[in-house]
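Survey of secondary and tertiary structure
Each chain, letter by letter, is given below.
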Amino acid sequence: MAMLVMLFAIPVVAAALLFFVREASLRDPIAIVAAALTAGVSVSIAATYLNTPTTIAVPDALYVGGTWVAVLLDLLLTGVVLSFAFRWKNVWAIALGLVQLGGAIWCGMLAIEEPEAVIDPLFIDNLGVVMILIVGVVGSLICVYALGYMKDHQAHEPADAPDYRHQFLALMFLFLSAMFVIILSDNTDWMLAGWEITTVCSFLMIGYTRTEEARKSALLQINLNMVGGIAFHAAVLLMHRFGLPPSLNGLITSTLAVGTRPLVLPLLLLSVAGLVKAAQMPFHRWLLGAMVAPTPTSALLHSSTMVKAGVFLLVKFAPLYRIIPVASFMVVGLGGITFVLCSFMAISQSNAKRVLAYSTVANLGLICACAGVGTAPAVWAAVFLIIFHTVSKSLLFLCVGTVEHRIGSRNIEDMDGLFGRLPHLTRLMMLGIMGMFVAPFGMLISKWATLVSFAETGNVVFLLLLAFGSAATFFFWAKWLGKLSGVPQRADNSEAGVHRTEWAAVGSVAALLLACCAGLPLLSEEVVSPYLGSVFGEAPVLIGVDNLIIMVVIVAFIAIVLLTPWGRATHKRRVPVYLGGQGLDADDRRFLGSMGRTMTSVKRNWYLEDIFGERLITRAGIILCSAILFVSLAANALFGMGAQGGFFAERPVMLAGPGLFGLAVGTLGFALIAPVAGCLLDGLDRKISARMQGRVGPRVLQPYYDVRKLLRKEDVSVNAVDEAYVTCALIFSVVAGGMFVSGSSLLMSVFLITLSTLFFIIAAYSARSPYADTGADRECLQVMSYEPMVLIMTVGFYTATGSFDVASLVGLHAPIIIVLAPIFLGMLFILTIKLRKSPFDLSSSHHAHQEIVKGITTEMSGRTLAKVEIMHWCESVLFLMWIGMFFIWSHPASWALAAGAVAFIWLFEIWIDNNYARVKWQTCLKLAWLVALVAGAVNLSFVLIAPFM
């Protein structure tokens with residue numbers, strides 16, 4: 001109990017001291033000591049209560065006193081909001097404030113007047129342990145970061161500008177204490193006080209700069225969050241009205257005594273409060289407005305505190321969503337739509353903090369959707385999404401804040417060449433971006449469990465939303481990653497001005513990200529699984545230990561590539577990039593054009609505003625999500641949706657993989673055979689294409705001779721890193737193929753081939769060549785085009801076999817094409833893109849003679865280009881094997897059938913390549929997504945909804 005008191009008290013005392021101490025010489029030590037103590041106590045509490053769910057009793061006098069304090073704080077905070085509302089003459093704030101004041105008075109009277117409602121007010125379990133570590137460790141590091149950041153922030157203000165830094169830091173520590181109240185309070189009256197403290201602190205921090213923009217954003221935040229506050233107060237009133245215990249755990253267990261009908265409306269209202277706090281549509285705009293605040297505010301709101309309070313509440317209620325369909329429909333609906341639409345809108349943003357904001361809202365949507373599903377696999381995914389989103393996104397916000405002060409801009413286009421100016425910070429930003437969307441980092445692995453949970457509940461619509469949203473996620477993160485990876489010819493390091501507190505925070509969060517990835521198996525086994533066992537009575541095993549170990553090894557490998565000098569080809573002769581004329585300055589992209597004119601090549605990222613424009617998508621999202629809210633509340637009012645039950649067909653994931661030894665053998669075999677087979681296929685392709693065109697064509701082994709010549713060419717390069725990235729791409733493509741041929745996870749094979757493509761893209765972007773950049777942009781677009789269909793294929797495979805492991809095919813009584821025919825046809829369509837065949841060879845053709853400037857490989861030559869060709873051979877073999885697996889089952893003759901089908905389809909692809917002209921990228925994207933949508937909707941509806949019929 002003493003440690004819990006310290007956890008609440010240390011941030012509060014620090015906030016009080018910081019509020020009154022204006023001297024930086026005293027303020028910094030106070031903040032650092034307080035942050036260290038808060039983090040230390042958090043770790044100590046986590047170690048004490050891990051795997052020990054504990055209800056913590058307090059003396060009656062302390063309980064009553066605490067309740068009085070909670071009630072008075074609720075009233076005081078509402079009064080603070082009303083004072084600002086009247087001062088700024090905002091009608092909506094006044095109206096909502098008065099309504100909330102009435103609710104606060106009523107709730108306070110009930111809390112004080114009902115002594116029989118006294119319960120043990122504090123509770124901690126493994127979910128609480130995770131949240132305490134997030135707030136106590138990551139939140140404290142953000143407070144330390146703020147010390148250095150705010151010095152630069154104040155330095156950029158006019159000389160006569162008032163200094164409010166002491167208030168800002170005080171609010172940050174008060175925020176941490178309020179979050180601890182929310183996490184540890186089982187009593188709804190106590191939690192409500194912490195809930196409102198976070199709302200008001202956020203309001204004050206967003207309005208910190210006192211500008212008109214800040215005032216408008218703060219008002220938007222408080223107005224929307226008061227909607228959630230009113231919903232929370234109404235839920236508490238209804239709990240008193242229906243005789244439900246004022247306890248979160250009591251609300252869950254009371255279903256045994258009173259059934260679900262009295263719980264439905266309070267649960268809906270509490271869910272609305274959580275969705276508002278988590279910034280879900282139609283309430284998401286307050287989080288976008290928070291971008292006007294100093295970066296520590298953004299980091300604190302987005303990564304470790306306020307928005308996590310919302311998803312924490314929803315995850316706590318996950319067992320109730322499992323048995324109350326109307327509440328599940330509302331939470332999954334808003335979360336799923338928010339995820340996909342905000343992922344789309346992030347594509348059109350060039351402001352780095354706005355990209356981070358939209359991606360935050362999108363990932364919170366995915367967490368909400370997982371919580372709303374209410375199954376053990378879904379909660380497994382939700383908890384890991386919370387963990388990895390926290391460390392990855394906080395790292396990115398801190399890096400962006402420091403970069404903004406160093407270059408004077410937060411525009412992604414202005415980060416071109418950042419690798420030369422802020423090399424260490426850029427590498428850490430690249431690590432944070434990879435943590436957000438790349439296998440084997442935890443964010444993407446969490447989507448693995450999300451796929452399973454949506455499949456179990458027959459959520460076809462949300463499986464499709466996940467597939468398309470994930471494809472959009474790849475596009476906007478890969479574009480930004482490419483902009484950061486560009487290596488200029490001249491280095492102009494300006495990292496000397498970064499404060500030590502900033503380095504300490506950024507470095508610590510980066511270490512936490514790597515530690516969480518490396519410790520993923522341990523976190524799953526020792527933290528998350530015991531929590532699921534205590535709440536759901538089961539702890540599903542979704543991913544084999546061998547796959548987890550492979551992920552840890554790959555994370556370590558990626559960290560070495562990004563953060564160390566490994567693979568830097570410093571011995572190579574440097575050559576300038578191709579600019580369409582005699583180069584004058586490669587960094588500024590100036591060259592001599594025709595008639596001796598000095599010209600500049602300008603290249604911007606694709607933001608696709610005409611397709612993913614913010615205004616239209618926002619309007620559609622608000623309408624859709626508002627309709628879901630209205631329908632859910634109306635359905636409960638009209639029909640009393642209290643019946644237990646929900647759509648659920650248990651599909652335990654069978655682990656049929658070969659283990660680490662089998663995987664190693666498969667990878668070695670693929671590494672030896674795939675390049676040979678791919679080379680022969682490439683040679684035959686050229687020969688057959690030539691015959692179709694009336695030519696004799698080259699020898700079948702010509703691709704081999706071409707690669708051999710490349711390996712013997714002089715080693716030159718435009719930078720020192722492109723070959724290292726291409727080497728990574730080749731390694732990951734081989735490992736992806738090895739996982740497939742060994743019978744291991746198909747989903748991991750898909751993730752790793754996407755990782756291979758990403759490193760290939762980064763290699764092209766690193767050249768900072770306008771032609772290579774264009775090719776890389778088009779490669780990103782191709783990935784976004786075919787990724788939904790590939791993810792839908794993996795879900796179809798899982799539903800047909802009961803496993804993600806390819807080895808499960810040999811135990812089937814019939815080929816999966818019988819039940820997955822539409823998905824198979826969709827895969828045939830996107831195979832043209834994957835094999836780089838016309839009409840979809842947008843980024844780089846597989847025929848060298850078709851391009852003068854060869855797209856994504858423009859700046860690659862010699863050994864680097866040879867590795868690219870070998871990688872393409874391996875990819876082609878793997879993609880054809882994906883097609884062949886549709887024809888494999890337990891009968892030995894199925895292997896011959898699969899080989900024949902693959903040969904026919906390969907010849908058909910060559911025919912398409914020679915008979916159709918290249919299309920525009922818009923056509924590629926629209927057709928690929930249309931095919932994926934139709935094939936996925938038809939096929940998944942059949943295989944997933946059939947069990948419920």
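What you are looking at is a predicted structure, and each value in this text was computed from that prediction instead of being measured. (Residues numbered from 1 in each chain as written. Predicted model: local features only at pLDDT ≥ 70, side-chain atom pairs only at ≥ 80, totals over all residues. Heavy atoms only, no water.)

Counting its regular elements, the protein contains 36 helices and seven strands. Rg of the C-alpha trace for the protein: 28 Å, near the compact-globule value of 30 Å for 949 residues, within the 12% margin. In terms of its C-alpha atoms, the protein occupies a principal-axis envelope of roughly 95 × 70 × 45 Å. Residues counted as buried form 64% of the 949 residues belonging to the protein. Within the protein, counting contacts between residues at least 6 apart in sequence, those at least 24 apart form 83% of the total. On the protein, the mean spot of the 60 positive side-chain charges and the mean spot of the 56 negative ones are 9 Å from each other. (Helix = DSSP H or I, 4+ residues; strand = E, 2+ residues; numbered from the N terminus. Rg over C-alpha atoms; globule rule 2.2 N^0.38 Å. Buried < 20%, exposed > 50% of the residue type's maximum accessible area, 1.4 Å probe, protein only. Contact = heavy atoms within 4.5 Å. Lys, Arg positive; Asp, Glu negative; His and termini not counted. Charge placed at Lys NZ, Arg CZ, Asp CG, Glu CD.)

Let us look at the packing of aromatic side chains. Following the criterion strictly, the structure yields 29 aromatic pairs and no others. An aromatic cluster is built from Phe344, Phe468, Phe612 and Trp929, whose rings are joined through pairwise contacts. For the cation-ring pair, Arg87 lies above Phe84, with the distance from its terminal atom to the ring centre recorded as 4.6 Å. One residue, Arg210, lies across the ring of Tyr164, its end atom 3.8 Å from the ring centre. (Phe/Tyr/Trp six-rings, centres within 6.5 Å; stacked < 30°, edge-to-face > 60°. Lys NZ or Arg CZ within 6 Å of the ring centre and 35° of its normal.)

With that settled, the discussion passes to helix 7 (residues 188-206). In an α-helix, one turn spans 3.6 residues, which is why side chains three or four residues apart end up on the same side. When the terminal C-alpha atoms of helix 7 are compared, their 27 Å separation across 19 residues agrees well with the 27 Å that a helix rising 1.5 Å per residue should span. Within helix 7, 18 of the 19 residues are buried, leaving the element largely enclosed by the surrounding structure. Capping the start of helix 7, Asn187 holds a side-chain oxygen 2.7 Å from the backbone nitrogen of Asp189, two or three residues further along. (Expected span 1.5 Å × (residues − 1). Polar contact = N/O pair within 3.5 Å; in protein donor to acceptor, adjacent residues only side chain to side chain.)

Attention shifts here to the nonpolar core. With 345 residues, the main nonpolar core has Trp480, Trp882 and Phe886 as its most contacted residues. No other element matches the 19 residues that helix 18 (residues 376-407) contributes to this core. Setting aside residues no more than four positions away along its own chain, Trp882 makes contact with Phe740, Leu746, Ser749, Val750, Ile753, Val790, Met793, Met827 and Lys834. Listed in part, the six residues of the second largest apolar core include Val577, Leu579, Ala586 and Val718. (Core = buried A, V, L, I, M, F, W, Y, C linked by side-chain atoms within 4.5 Å.)

Here the focus is unusual backbone geometry. Cis geometry is found at the peptide bond from Met281 to Pro282, where omega equals 10°. Here Ser838 and Pro839 are connected by a cis peptide whose omega angle stands at 15°. Relative to the elements of secondary structure, Pro839 occurs in the loop between helix 33 (821-834) and helix 34 (862-884). With phi around 55°, Lys89 is a residue other than glycine that occupies positive phi space. Given the relative accessible area of 70%, Lys89 is considered exposed.

The subject of this paragraph is the sheet that holds strand 6 (residues 598-600). Strand pairing in a sheet relies on backbone hydrogen bonds, with the paired strands running either antiparallel or parallel. With respect to topology, three strands assemble into an open sheet ordered 4-5-6, the strand pairing being antiparallel. Looking along the sheet, the strands with just one partner apiece sit at the ends: strand 4 (582-585) and strand 6. Averaged over neighbouring strand pairs, the angle between their axes works out to 35° when direction is ignored. (Pairing = 2+ DSSP bridges. Axes fitted to C-alpha atoms, helices over the stretch in contact; angles between N-to-C directions.)

Attention shifts here to a nonpolar patch on the surface. The grouping of Met692, Phe904, Phe908, Trp911 and Tyr916 at the surface amounts to a nonpolar patch, some 560 Å² of accessible area in total. Among the structural elements, Phe904 can be located in helix 35 (residues 893-915). Looking at Phe904, the relative accessible area reads 59%, which means it is exposed. (Patch = residues over 30% accessible without salt bridge, like charges linked within 9 Å, V, L, I, M, F, W, Y side chains within 5 Å. Areas by Shrake-Rupley, 256 points an atom, 1.4 Å probe, with all protein chains shown as cover. Salt bridge = Lys/Arg side-chain N within 4 Å of Asp/Glu carboxyl O.)

The next subject is the environment of Glu526. Assignment of secondary structure puts Glu526 in helix 24 (residues 520-536). Spatially, the C-alpha atom of Glu526 lies 9.5 Å from that of Asn126, the residues being 400 residues apart in sequence.

For the pair helix 14 (residues 306-316) and helix 17 (residues 352-373), interaxial distance at closest approach is 9 Å and the crossing angle is 15°. When the axis of helix 14 is compared with that of helix 17, the two are roughly parallel. Considering only the axes of helix 14 and helix 17, their crossing is left-handed. On the side of helix 14, the interface is formed by Val307, Val311, Leu314 and Val315, while helix 17 contributes Leu364, Ile367, Cys368 and Ala371. Taken together, the residues that form the contact of helix 14 with helix 17 break down as eight nonpolar, no polar and no charged. (Parallel < 35°, antiparallel > 145°, perpendicular 65-115°, else oblique. Left-handed = near helix turned anticlockwise from the far one by under 90°. Nonpolar A, V, L, I, M, F, W, Y, C, P; charged D, E, K, R; others polar.)

The contact between helix 30 (residues 722-741) and helix 34 brings their axes to 9 Å, and the two run at 20°. The orientation of helix 30 with respect to helix 34, classified from their angle, is roughly parallel. Remark: the crossing between helix 30 and helix 34 carries left-handed chirality. The segment helix 30 lies against helix 34, with Asp722, Glu723, Val726, Thr727, Ala729, Leu730, Ser733, Val734, Ala736, Gly737, Phe740 and Val741 engaging Arg863, Thr864, Lys867, Val868, Ile870, Met871, Cys874, Glu875, Leu878, Met881 and Trp882. Taken together, the residues that form the contact of helix 30 with helix 34 break down as 14 nonpolar, four polar and five charged.

Looking now at the side chain of Ser140. Looking at where Ser140 falls in the secondary structure, it is placed in helix 5 (residues 126-155). On the accessibility criterion, Ser140 (2% relative accessible area) is buried. Dropping the residues within four chain positions of it, Ser140 is found in contact with Ala35, Thr38, Ala39, Val135 and Leu176.

Here we come to the side chain of Thr38. On the secondary structure map, Thr38 appears in helix 2 (residues 24-49). At a separation of 2.8 Å, a polar atom in the side chain of Thr38 contacts the main-chain carbonyl oxygen of Ala34. In this view, Thr38 contacts Leu7, Ile10, Pro11, Gly136, Ser140 and Phe180; residues no more than four positions away in its chain are not counted.

Here the focus is the pattern of salt bridges. A complete count under the given rule lists 19 salt bridges for this structure. Here Lys483 and Glu413 are joined by a salt bridge, their closest N and O atoms 3.2 Å apart. Taken together, the residues span a long stretch of sequence, with Lys483 in helix 22 (residues 460-485) and Glu413 in the loop between helix 18 and helix 19 (418-421) at a distance of 70 residues. Residues joined in a network through salt bridges with shared partners are Lys572, Asp715, Glu723, Arg863 and Lys867.

Looking at the secondary structure, you find Ala455 in helix 21 (residues 442-456). C-alpha of Ala455 to C-alpha of Gly796: the two residues are 341 residues apart in sequence and 9.3 Å apart in space.

For the rest of this paragraph, the subject is empty space enclosed by the protein. Following the criterion strictly, the structure yields 13 cavities of 30 Å³ or more and no others. In this structure, the second largest cavity spans a volume of roughly 70 Å³. The wall of the second largest cavity is formed by Ala70, Val71, Asp74, Ala104, Cys107, Gly108, Asp189, Leu192 and Ala193. Counting only elements with at least two residues in the lining of the second largest cavity, the list comes to helix 3 (60-88), helix 4 (91-113) and helix 7. Taken together, the residues of the lining of the second largest cavity break down into six nonpolar, one polar and two charged. (1 Å grid on protein atoms, 1.4 Å probe; cavity = no way out; pocket = protein on both sides within 12 Å on 5 of 7 lines; lining within 4 Å. Points joined across faces, edges and corners; volume = space filled by probe spheres on them.)

Inspection of the secondary structure assignment puts Glu456 in helix 21. A relative accessible area of 4% places Glu456 in the buried class. C-alpha of Glu456 to C-alpha of Pro377: the two residues are 79 residues apart in sequence and 9.2 Å apart in space.

The next point concerns the pairing of strand 4. In this structure, strand 4 lies alongside strand 5 (residues 590-592), joined through three bridges in antiparallel fashion. Of the residues in strand 5, the one forming a bridge with Gly583 is Phe591. Joining the antiparallel neighbours strand 4 and strand 5 is a turn of four residues, in which Arg589 adopts a positive phi near 55°.

A rise of 1.5 Å per residue sets the reference length of helix 1 (residues 2-20), with its 19 residues, at 27 Å; its end C-alpha atoms lie 27 Å apart and thus fit the reference within 8%. At Ala9, helix 1 shows its largest bend, some 30°, and a proline, Pro11, comes one to four positions later. Every buried residue belonging to helix 1 is among Leu4, Leu7, Phe8, Ile10, Pro11, Ala14, Ala15 and Leu18, and all of these are buried. Buried residues belonging to helix 1 abut helix 2, strand 1 (54-56), helix 5 and helix 6 (165-184). (Bend = angle between axes of the 7 residues up to and from the residue.)

Let us now look at the state of the cysteines. Within the structure shown, the criterion is met by zero disulfides. We note that Cys201 lacks a disulfide partner, and the nearest cysteine sulfur, in Cys143, lies 11 Å from it. On the basis of relative accessibility, which here comes to 4%, the residue Cys201 falls in the buried class. (Disulfide = S-S within 2.5 Å.)

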